[in-house]
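As a plain string of letters, each chain reads:
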Amino acid sequence: MTQEAPHPPGNYGDHQLGIYLNGMFADRTPDLTTDLAALEDQARAALAPEALGYVVPSAGSGATARANREAFDRWRIVPRVLRSGARRDLSCEVLGTSMPAPLLIAPMGVQTLAHPDGELATVRAAAALGVPYVHSTQAAHSFEQIAEAGGDAPRWYQLYWPTDREVCLSFLERAKATGFSTLVLTLDTPMLGWRPADLNRGFLPFLRNVGIANYLTDPAFLAKLDKPVAEDPGAAALHWAKMFPNPGLSWADLPFLREHWDGPILLKGISAAEDARLAADHGMDGVVVSNHGGRQVDGAIGALDALPAVADAVGDRIAVLFDSGVRTGADTVKALALGARAVLLGRPVLYGLALAGQEGVDHVLRCLLAELDLTLALSGYVSHRGLSRESLACAQRSAP
Ligand SMILES: Cc1cc2nc3c(=O)[nH]c(=O)nc-3n(C[C@H](O)[C@H](O)[C@H](O)COP(=O)(O)O)c2cc1C
Ligand SMILES: O=C(O)C(=O)c1ccccc1
């Protein structure tokens, strides 16, 4: 996408004054908390038990999700002063996509679990701000529906590579035809991690035909079914269950993607510097350092702990993006300072969605952009481009 990213006339941080003025002159306070780290608590009450179990928890004992947060807590920002920061510019371009700030919406499937409008609400909120939306293969809405709702705004496509190559090719063709510019191949989920909250309920939305909209609208997928979906929905879901797990994928498969995708390709779910090097050696355009928000390997390295080594290994060759545990503007600053070109926002988007649909996602994005802008300004930066490891210090451990 080449369109200019929308940018406010002032700074994103001006949202803060708007909230105070609303409180003063209109006696209005925000419906949702502005403390994005606390949004999860508010959202818990809005989510049905099965949806809550799917969205909020992580794999196994939850150790990886905890490690994600602990990694952020080990870094502190070192603010600078007197550096003329009246006007900030957060805009940037990542692999040819212009964005108002180094922020994208992480690919997340089955968003109708959070709100009946699902991905349509998310993509509309993202499009209004120009924040790129990444469409999951496991979405509850199809490529075509997302394209219609998202209009000209930037959008990327996240591929779960099905074992059926015809379906894979058809997904790539449809994504191209509907204006998705960039491909994100997720590699940390060739099959589902061990997720006790879902297992205890015996709940997997896809087996109930929720979150397989891309498949159920796909000619190559439908051609493999013996009966129309309406006649035998269970068979369609089981057919999905057969082609989704793909643990046989290897580096040798990547040329196939290059052959069938014209735009940039990123590999998502990278934790090891050596895998990032292999990605660059295999001609990939970028990696997303991520552990899927702790939803896959229990006991994995915190994503932010993995970031510096990946940035050192390939940061000058390919784009390094980051997600897993980002909740606040300060988190974003830390990830950017440690070498990420941009961050992807995960669960907080779904919490906003659950609480207030499109408006809730808009709230989350505006708050994050404002907090990012203010954190940068208060730390002495007019742009995230000025950040480096020098911007941070390791937190001192308190004496035992
Ligand atoms: C409910 C849910 C569904 C997700 N679905 C996908 C998906 O379909 N594809 C994908 O690559 N990542 C998926 N993810 C992972 C996110 O892209 C991202 O890596 C993760 O949410 C980041 O962690 P955080 O939510 O703790 O910030 C999903 C995450 C959640 C919470
Ligand atoms: O829930 C997820 O994190 C996810 O990405 C996924 C995708 C397909 C099947 C199961 C889980």
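In the nomenclature of an unreviewed UniProt entry, the protein is known as Oxidoreductase of Kitasatospora indigofera. Under the UniProt heading Sequence similarities (unreviewed entry), the note attached to the protein is "Belongs to the FMN-dependent alpha-hydroxy acid dehydrogenase family." You can read under Cofactor (unreviewed entry) in the UniProt record for the protein the words "FMN".

Participant: Pulling in residues and values, what's your account of the nonpolar core?
Facilitator: One finds Leu159, Leu304, Leu307 and Phe322 to be the most contacted residues of the largest nonpolar core, which totals 106 residues. Per-element tally for this core: the top contributor is helix α16 (residues 347-378), with 13 residues. The contact partners of Phe322, leaving out residues within four places of it in the chain, are Phe72, Val288, Val289, Ala303, Leu304, Leu307, Ala335, Ala340, Ala342, Val343 and Leu344. Among the nonpolar cores identified, the runner-up in size contains 14 residues, and Met99, Trp156, Val288 and Ala319 belong to it.

Participant: Account for the UniProt feature "binding site: glyoxylate" (unreviewed entry) in the protein, naming residues and giving values.
Facilitator: Here the UniProt feature "binding site: glyoxylate" (unreviewed entry) sits at Tyr54, Tyr160, Arg195, His292 and Arg295. On the secondary structure map, Tyr160 appears in the loop between β6 (155-159) and α7 (165-177). A relative accessible area of 10% places Tyr160 in the buried class. Among residues more than four places away in sequence, those in contact with Tyr160 are Thr137, Gln138, Thr186, Thr189, Phe244 and His292. Those residues in contact with His292, other than ones at most four positions away along the chain, are Tyr160, Thr186, Asp188, Thr189, Arg195, Lys268 and Ser324. In this structure the side chain of His292 is engaged in a polar contact, spanning 2.8 Å, whose partner is the side chain of Asp188.

Participant: Quick rundown of the packing of helix α5 (residues 118-129) against helix α6 (residues 143-150)? Include the residues and the values.
Facilitator: Think of two packed helices as two axes; the pair is described by the angle between the axes and how far apart they sit. It is the contact of α5 with α6, at a shortest axis distance of 8 Å, that shows an interaxial angle of 35°. Of the two elements, α5 crosses α6, and the hand of that crossing is right-handed. Mapping the contact onto sequence places Glu119, Leu120, Val123, Arg124 and Ala127 in α5 and Gln145, Ile146, Ala149 and Gly150 in α6. Along the lines of polarity and charge, the residues of the contact of α5 with α6 split into 5 nonpolar, 2 polar and 2 charged.

Participant: Let's hear about the pattern of salt bridges: which residues, and what values?
Facilitator: Scanning the model with the defined rule gives 17 salt bridges in all. Two residues, Arg69 and Asp331, come together in a salt bridge whose shortest N-O distance is 2.9 Å. Of the two residues, Arg69 sits in helix α4 (residues 63-73) while Asp331 sits in helix α15 (residues 329-337), which places them 262 residues apart along the sequence. The class for Arg69 is partly exposed, based on a relative accessible area of 28%. Residues Arg366 and Asp362 are paired through a salt bridge, measuring 3.0 Å at the closest nitrogen-oxygen approach. One end of the pair is Arg366 and the other is Asp362, both in helix α16 and 4 residues apart, which spans about a single turn. Residue class for Arg366 comes out partly exposed when judged on its relative accessible area of 35%. A network of salt bridges, in which partner residues are shared, links Glu144, Arg174 and Asp218.

Participant: Explain the site of ligand 2 to me, using residue names and the numbers behind them.
Facilitator: Taken together, the residues surrounding ligand 2 are Tyr54, Gln138, Tyr160, Leu192, Arg195, Phe206, Phe244, His292 and Arg295. Between ligand 2 and the protein, one listed contact pairs an oxygen atom with a side-chain N or O atom of Arg195 at 2.8 Å. In the complex, 92% of the free accessible area of ligand 2, which totals 300 Å², lies under the protein chains. Its residues assigned to classes, the shell around ligand 2 comprises 5 nonpolar, 2 polar and 2 charged.

What counts and what doesn't
- Residues numbered from 1 in each chain as written.
- Chains lettered and ligands numbered in written order.
- Predicted model: local features only at pLDDT ≥ 70, side-chain atom pairs only at ≥ 80, totals over all residues.
- Heavy atoms only, no water.
- UniProt positions renumbered as here; feature names shortened; annotations may be inferred.
- Core = buried A, V, L, I, M, F, W, Y, C linked by side-chain atoms within 4.5 Å.
- Buried < 20%, exposed > 50% of the residue type's maximum accessible area, 1.4 Å probe, protein only.
- Helix = DSSP H or I, 4+ residues; strand = E, 2+ residues; numbered from the N terminus.
- Contact = heavy atoms within 4.5 Å.
- Polar contact = N/O pair within 3.5 Å; in protein donor to acceptor, adjacent residues only side chain to side chain.
- Axes fitted to C-alpha atoms, helices over the stretch in contact; angles between N-to-C directions.
- Left-handed = near helix turned anticlockwise from the far one by under 90°.
- Nonpolar A, V, L, I, M, F, W, Y, C, P; charged D, E, K, R; others polar.
- Salt bridge = Lys/Arg side-chain N within 4 Å of Asp/Glu carboxyl O.
- Near = heavy atom within 4 Å.
- Areas by Shrake-Rupley, 256 points an atom, 1.4 Å probe, with all protein chains shown as cover.

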